[in-house]
Amino acid sequence: MTARIVELRKGVLEKNDLLAAGLRAQFADVDVRVSNWVSSPGTGKTALLELLLARAVERGIVAAALVGDCATDNDAQRLARSGAPVRQIVTEGMCHLEADMIGEHLSGWDLRALDLLVIENVGNLVCPSSYDLGEDVRVALLSVTEGEDKPVKYPQLFHSSDVVVVTKTDLAAAVEWDRDAALAAVAAVNPDATVVETSARTGAGIDDLLDLLSTRTPHLQEAP
Amino acid sequence: MHELSVAHAVVSTVVDALPSPPPRVLGIRVRVGELSGIVPRALEFAYDVAAQDTPLADAALVIEVSPVVIDCPACGPQQLASTHDFRCPVCGTPCGAVIGGKELEILDVTLDDTCVSEDMVEVSA
Ligand SMILES: [Zn+2]
C-alpha cells in the first residue's frame with residue numbers, strides 16, 4: 001500500500017467566514033452598526049439590552065435586535081417592550097449562532113432604516129467565540145457577581161472582543177467586586193479592549209454604551 | 001460544546017475536496033490554534049462521531065496545536081507561553097496584535113494511493 005499526502009490548507013470554518021464577510025459588506029453598504037453580544041447565562045444581558053433599546057428609541061436612534069435562544073421566546077417578548085423591532089433565532093439546542101442564521105433572519109427587514117443592530121448570542125462563553133457573524137463590534141459581558149478572573153478563564157472570547165461591558169455595577173459593593181483586579185484580568189488577555197461599566201438598575205453607562213455601539217469609532221473600525 | 005459542529009465541518013470540507021469516487025483516506029492533519037476556542041480532546045472525540053459512515057471513517061485525525069504569537073512593536077513576532085498574559089515575553093509591553101494562534105484549518109490529507117489507482121483501473125476497464 002502506498003500513501004500519498006495531499007495538501008489541503010483549508011479553513012474549517014471557511015463557509016461561515018465567507019458568509020460573515022458577505023454580511024459585513026452588506027452592513028457597511030447600508031451603514032448600520034452591528035454588535036454581537038456574548039456572555040454566560042445570568043450576566044443580565046437581556047435586562048441591559050432592554051434598557052439600551054428603550055434608550056435608543058428615546059434618543060431617536062433606530063435600533064433592532066436579533067436574539068439567539070435555545071428554545072423559549074421569553075427574551076424576545078421582553079425585549080419587544082422597548083418598542084424596538086426584535087426577532088428571535090431559535091437555535092434548537094445549538095450553543096452558538098452562525099452567520100447563515102443571521103442572514104436568514106434578516107430577510108424582510110429594511111436594514112437601510114437602521115442605525116444599530118444588536119445580535120444577542122446564545123448564553124455561552126466558549127462556542128460563540130469561533131463564529132464570525134459579520135459584526136463590527138464583538139461585546140463580551142462580565143457581571144460583577146461572576147468573579148474578577150472570568151476573562152483569564154475564557155481568554156478566547158475576551159481576546160476576540162472589542163468591548164467588555166461590566167454589568168450589575170449597582171451590586172459591586174454587596175459582592176465585594178474588586179474592580180482593579182477585573183480590569184487587570186481584561187487587560188491581561190486583551191490590552192486593546194474598551195471597557196464600559198453599566199447598571200441596568202441605575203442606568204449607569206447606558207448612554208456611553210449606546211454612543212460606542214452606534215458610532216463607528218476609529219479604534220473599532222479595524223477588522224477583527 | 002461546538003466541537004461536534006466543527007468536526008462535521010472538518011469532515012464535509014475534506015469530503016468535498018476528494019475526487020469522485022472517493023479514495024480511501026488514511027489520515028488527516030488539522031491545525032488548532034490555542035486561541036481558536038477549540039479543545040483538541042473534545043474535537044478528537046467529536047471527529048470519531050462525525051466521520052462515521054463517510055469516506056473518512058478509517059482516517060486517523062492528527063491535531064497540531066499552534067501557540068499564540070504576538071507582533072510586538074519593539075521586538076517583532078514573539079511566542080506567548082500562555083493565553084492569558086498578552087505581554088511581550090522580551091520587553092513586557094502589553095500587546096494584542098496576534099499573528100498566530102487563531103488557526104482552525106485542515107493542513108493535509110493522506111490518501112491510499114494503491115486504492116486510488118485500483119479505482120482508476122476499474123473505471124477505465
Ligand atoms: Zn517586545
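**Q** Can you break down the environment of Thr91 of chain A residue by residue, with the values?
**A** Residues and elements named next belong to chain A. Positionally, Thr91 belongs in the loop between strand S4 (86-90) and helix H4 (99-105). Considering only alpha carbons, one finds Thr91 and Glu120, 29 residues apart in sequence, at a separation of 12 Å. Filtering out sequence-adjacent residues up to four positions away, Thr91 remains in contact with Asp69, Cys70, His96, Leu97, Met101 and Val122.

**Q** Tell me about the sheet that holds strand S3 (residues 69-72) of chain B, residues and numbers included.
**A** Residues and elements named next belong to chain B. Pairing is antiparallel in the open sheet, where three strands are placed in the order S4-S3-S5. Every other strand in the sheet has two partners, leaving strand S4 (76-79) and strand S5 (98-100) as the edge strands with one partner each. On average, adjacent strands in this sheet sit at an angle of 40° to one another, irrespective of strand direction.

**Q** Give a description of helix H7 (residues 179-189) of chain A that names residues and reports values.
**A** Each turn of an α-helix holds 3.6 residues, which means side chains three or four residues apart point in the same direction. The set of residues buried in H7 of chain A consists of Ala182, Ala185, Val186 and Val189 of chain A. The buried residues of H7 of chain A all sit within an arc of 100° when viewed along its axis, so they share a single face.

**Q** Could you give an account of the interface of chain B and chain A, with specific residues and numbers?
**A** Every contact between the two is made by 39 residues of chain B and, on the other side, 30 residues of chain A. Interface area lost by chain B to chain A is led by His2, His84 and Asp113 of chain B, which between them contribute 17%. Counting the contacts that link chain B with chain A gives two salt bridges. Viewed at the interface, chain A and chain B are joined by twelve residue pairs in polar contact (both at pLDDT 80 or more). Mapped by element, the contributors of at least two residues to the side of chain B that touches chain A are helix H1 (3-17), strand S1 (25-33), strand S6 (104-112) and helix H3 (113-124) of chain B. Taken together, the residues that form the side of chain B that touches chain A break down as 18 nonpolar, eleven polar and ten charged. Relative to S6 of chain B, strand S1 (residues 3-11) of chain A runs antiparallel, the two sharing seven bridges. Bridging from a neighbouring strand, Lys10 of chain A pairs with Ile106 of chain B of S6 of chain B.

**Q** Tell me about the nonpolar core, and name the residues and values.
**A** Counting residues in hydrophobic clusters, the biggest one holds 29 residues, and the most contacted among them are Val12 of chain A together with Val6, Val25, Ile28, Tyr47 and Leu56 of chain B. For this core, the element with the highest residue contribution is H1 of chain B, accounting for six residues. Beyond its immediate stretch of four places on either side in the chain, Leu56 of chain B contacts Val11, Val14, Val15, Val25, Ile28, Tyr47 and Ala51 of chain B. Core analysis: the second largest hydrophobic core is formed by 27 residues, Val67, Leu141, Leu209 and Leu210 of chain A among them.

**Q** Can you tell me about the sheet that holds strand S2 (residues 33-38) of chain A, naming the residues and giving the values?
**A** Residue and element names in this part refer to chain A. An order of S4-S3-S5-S2-S6-S7-S8 is seen for the seven strands of this open sheet, with the pairing classed as parallel. Looking at which strands have only one partner, the edges of the open sheet turn out to be S4 and strand S8 (194-197). The sheet shows a mean angle of 20° between the axes of neighbouring strands, taken without regard to direction. As judged from the five bridges shared by strand S3 (residues 63-69) and S4, these two strands associate in the parallel manner. Bridge pairing in S4 places Gly68 opposite Ile89.

**Q** Describe the environment of Arg78 of chain A, with residues and values.
**A** All names here are of chain A. By the secondary structure assignment, Arg78 is in helix H3 (residues 74-80). When the C-alpha atoms of Arg78 and Asp192 are compared, they prove to be 33 Å apart, with 114 residues separating the residues in sequence. The residues contacting Arg78, other than those within four sequence positions of it, are Thr46, Ala47 and Glu50.

**Q** Go over the packing of H1 of chain B against helix H2 (residues 40-51) of chain B, please, and point to the residues and values.
**A** Residue and element names in this part refer to chain B. Interaxial distance between H1 and H2 falls to 8 Å at its minimum, and their mutual angle equals 55°. Between H1 and H2, the crossing angle belongs to the class labelled oblique. Viewed along their axes, H1 and H2 form a crossing whose handedness is right-handed. Counted together, Glu3, Leu4, Val6, Ala7, His8 and Val11 of H1 and Ala42, Leu43, Ala46, Tyr47, Val49, Ala50 and Ala51 of H2 form the full contact between these two elements. Partitioned by chemical class, the residues of the contact of H1 with H2 number eleven nonpolar, one polar and one charged.

**Q** Any details on the coordination of the zinc ion? Residues and values, ideally.
**A** Residues and elements named next belong to chain B. The protein atoms donating to the zinc ion are Cys72 (SG), Cys75 (SG), Cys88 (SG) and Cys91 (SG), with metal-donor distances spanning 2.3 Å. The sequence motif formed by the donor residues of the zinc ion is C-x2-C-x12-C-x2-C. On the basis of relative accessible area, Cys72 is assigned to the buried category, the value being 2%.

**Q** Now, about helix H1 (residues 14-30) of chain A: what can you tell me, with residues and values included?
**A** All names here are of chain A. Taking 1.5 Å as the rise per residue, H1 with 17 residues should run 24 Å; its terminal C-alpha atoms sit 25 Å apart, in good agreement. Listing the buried residues of H1 in full gives Asn16, Ala20, Leu23, Phe27 and Val30. Angularly, the buried residues of H1 cover 90° about the axis, an arc narrow enough to put them on a single face. With respect to the buried face of H1, the exposed residues turned more than 90 degrees away are Leu18 and Asp29. Its buried side turned inward, H1 meets S2, H4 and strand S5 (116-120). Of the residues trailing H1, Asp31 is marked for its positive phi of about 60°.

Cut-offs used in this document
- Residues numbered from 1 in each chain as written.
- Chains lettered and ligands numbered in written order.
- Predicted model: local features only at pLDDT ≥ 70, side-chain atom pairs only at ≥ 80, totals over all residues.
- Heavy atoms only, no water.
- Helix = DSSP H or I, 4+ residues; strand = E, 2+ residues; numbered from the N terminus.
- Contact = heavy atoms within 4.5 Å.
- Pairing = 2+ DSSP bridges.
- Axes fitted to C-alpha atoms, helices over the stretch in contact; angles between N-to-C directions.
- Buried < 20%, exposed > 50% of the residue type's maximum accessible area, 1.4 Å probe, protein only.
- Arc of directions from axis to C-beta.
- Buried area = accessible area lost by both parts, 1.4 Å probe.
- Salt bridge = Lys/Arg side-chain N within 4 Å of Asp/Glu carboxyl O.
- Polar contact = N/O pair within 3.5 Å; in protein donor to acceptor, adjacent residues only side chain to side chain.
- Nonpolar A, V, L, I, M, F, W, Y, C, P; charged D, E, K, R; others polar.
- Core = buried A, V, L, I, M, F, W, Y, C linked by side-chain atoms within 4.5 Å.
- Parallel < 35°, antiparallel > 145°, perpendicular 65-115°, else oblique.
- Left-handed = near helix turned anticlockwise from the far one by under 90°.
- Donors = N, O, S within 2.8 Å, 3.2 Å for Na, K, Ca; no water.
- Expected span 1.5 Å × (residues − 1).

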